[in-house]
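Next come the chains, spelled out residue by residue.
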Amino acid sequence: MATSGTYVTQVPLKGTVEKHFKRYRNENYLFPDTIGHHIQSVTVHDGEWDTQGGIKIWNYTLGDGKEEVFKERREIDDDNKIVKVVGLEGHVMEQFKVYEIDFQFIPKSEEDCVCKITMIWEKRNDDFPEPSSYMQLLKNMESYVFLLVIVPTFVLADLLIMSDVDEIPSRHTVNLLRWCNEITQIPHLRLKNSLYSFEFLLDNKSWRASVHRMALHGVSTSLYSR
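Just so it is clear, the structure is predicted and the values come from calculations on it, not from any experiment.

Reading the values: the criteria
Residues numbered from 1 in each chain as written. Predicted model: local features only at pLDDT ≥ 70, side-chain atom pairs only at ≥ 80, totals over all residues. Heavy atoms only, no water. Patch = residues over 30% accessible without salt bridge, like charges linked within 9 Å, V, L, I, M, F, W, Y side chains within 5 Å. Areas by Shrake-Rupley, 256 points an atom, 1.4 Å probe, with all protein chains shown as cover. Salt bridge = Lys/Arg side-chain N within 4 Å of Asp/Glu carboxyl O. Helix = DSSP H or I, 4+ residues; strand = E, 2+ residues; numbered from the N terminus. Pairing = 2+ DSSP bridges. Axes fitted to C-alpha atoms, helices over the stretch in contact; angles between N-to-C directions. Contact = heavy atoms within 4.5 Å. Core = buried A, V, L, I, M, F, W, Y, C linked by side-chain atoms within 4.5 Å. Buried < 20%, exposed > 50% of the residue type's maximum accessible area, 1.4 Å probe, protein only.

Enquirer: Which parts of the structure should I look at to understand a nonpolar patch on the surface?
Expert: A grouping of Leu195, Tyr196, Phe200 and Leu202 is seen on the molecular surface, where their side chains present a nonpolar patch of about 500 Å² in accessible area. Tracing the backbone shows Tyr196 in the loop between strand S9 (191-194) and strand S10 (201-206).

Following this line, the structure appears as structure tokens:
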């Protein structure tokens with residue numbers, strides 16, 4: 001008989017149970033915009049986003065860079081704030097006969113909760129490794145998904161440009177800022193200063209515009225600007 005087991009972990013979260021449960025229950029389509037380095041896409045195969053028994057397909061990347069696909073059926077327990085994922089097809093199901101995950105959101109205070117993740121698995125044969133890499137992916141997801149609750153209007157690594165409406169940085173400048181990882185302070189942009197229209201260059205001394213970047217500081221899930 002092949003090896004089976006259960007993994008259980010808890011991830012502390014900022015925000016109420018109701019908000020986090022709603023994200024997992026109804027709003028998986030937001031995940032790729034916020035944690036695109038982990039989740040590349042989520043699509044509905046059968047039903048709707050919040051359908052009991054609905055089927056979804058996930059494209060994701062493991063910590064070692066391996067890209068995989070996962071097809072799952074969703075079971076929802078509104079009373080106990082549990083979203084159950086039952087594996088149907090995909091890369092993980094090539095290794096496991098049983099692969100089920102419970103996400104249960106448990107209140108800790110008025111502003112905080114924990115996500116209890118329970119993974120039940122049974123390997124098809126003992127040549128396959130235990131699903132520790134999949135559990136790590138889920139823990140990493142939880143550490144980032146809290147941004148959907150704390151800062152729902154921003155996605156990871158968004159740039160917030162503080163400037164007048166007529167102070168417009170070039171696309172090249174914006175892309176350069178997006179690609180830089182080691183900006184140590186809030187940068188100010190030197191923009192061309194035109195009078196009346198772009199045809200009449202006045203000088204290159206406009207320093208009012210500044211750039212702020214929404215990002216994560218390590219895995220502590222604290223926001224900062226730089």
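Enquirer: What should I look at first to understand the sheet that holds strand S2 (residues 39-46) in this one?
Expert: Strand pairing in a sheet takes place through backbone hydrogen bonds and is either antiparallel or parallel in direction. The strand order across the open sheet built from 7 strands is S1-S7-S6-S5-S4-S3-S2, with neighbouring strands paired in antiparallel fashion. Lying at the two open borders of the sheet, with one neighbouring strand each, are strand S1 (4-14) and S2. The mean inter-strand angle of the sheet, taken between neighbouring strand axes irrespective of direction, is 25°. Taken together, the 5 bridges between strand S5 (residues 82-90) and strand S6 (residues 96-107) define a ladder with antiparallel strand orientation. Opposite Val85, over in S6, you have Ile101 as the bridge partner. In this fold helix H1 (residues 17-26) packs onto S1, strand S4 (67-77), S5, S6 and strand S7 (112-123), with an angle of close to 150° to the strand it touches most, S6.

Enquirer: Looking at this model, I keep getting lost on the nonpolar core. Mind explaining?
Expert: Generally speaking, a soluble globular protein has its nonpolar side chains buried in company with each other. Tyr60, Tyr99, Phe103, Met119 and Met141 are the most contacted members of the largest nonpolar core, which totals 34 residues. Beyond its immediate stretch of four places on either side in the chain, Tyr60 contacts His38, Ile39, Gln40, Lys66, Glu67, Glu68, Val69, Phe70, Val92, Tyr134 and Leu137. In this structure, Leu177, Leu191, Ala209 and Val211 belong to the second largest nonpolar core, which totals 5 residues.

Enquirer: What is the right way to read the pattern of salt bridges from this model?
Expert: When charged atoms on two side chains of opposite charge get close, those side chains can pair. Counting across every chain of the model gives 11 salt bridges. The shortest N-O distance in the salt bridge between Asp78 and Arg25 comes to 2.7 Å. With Asp78 in the loop between S4 and S5 and Arg25 in helix H1, this residue pair connects regions lying 53 residues apart in the sequence. Take Asp78: its relative accessible area is 36%, and that puts it in the partly exposed class. A network of salt bridges, in which partner residues are shared, links Lys22, Arg23 and Glu27.

Enquirer: Before we go on, may I ask you to explain the environment of Ser206 in this structure?
Expert: Looking at the element boundaries, Ser206 is found in strand S10. A relative accessible area of 5% means that Ser206 is categorised as buried. Taking the C-alpha atoms as reference points, Ser206 and Arg190, 16 residues apart in sequence, are found 5.4 Å from one another. In this structure, Ser206 is in contact with Glu167, Leu189, Arg190, Leu191 and Asn193, ignoring residues within four places of it in sequence.

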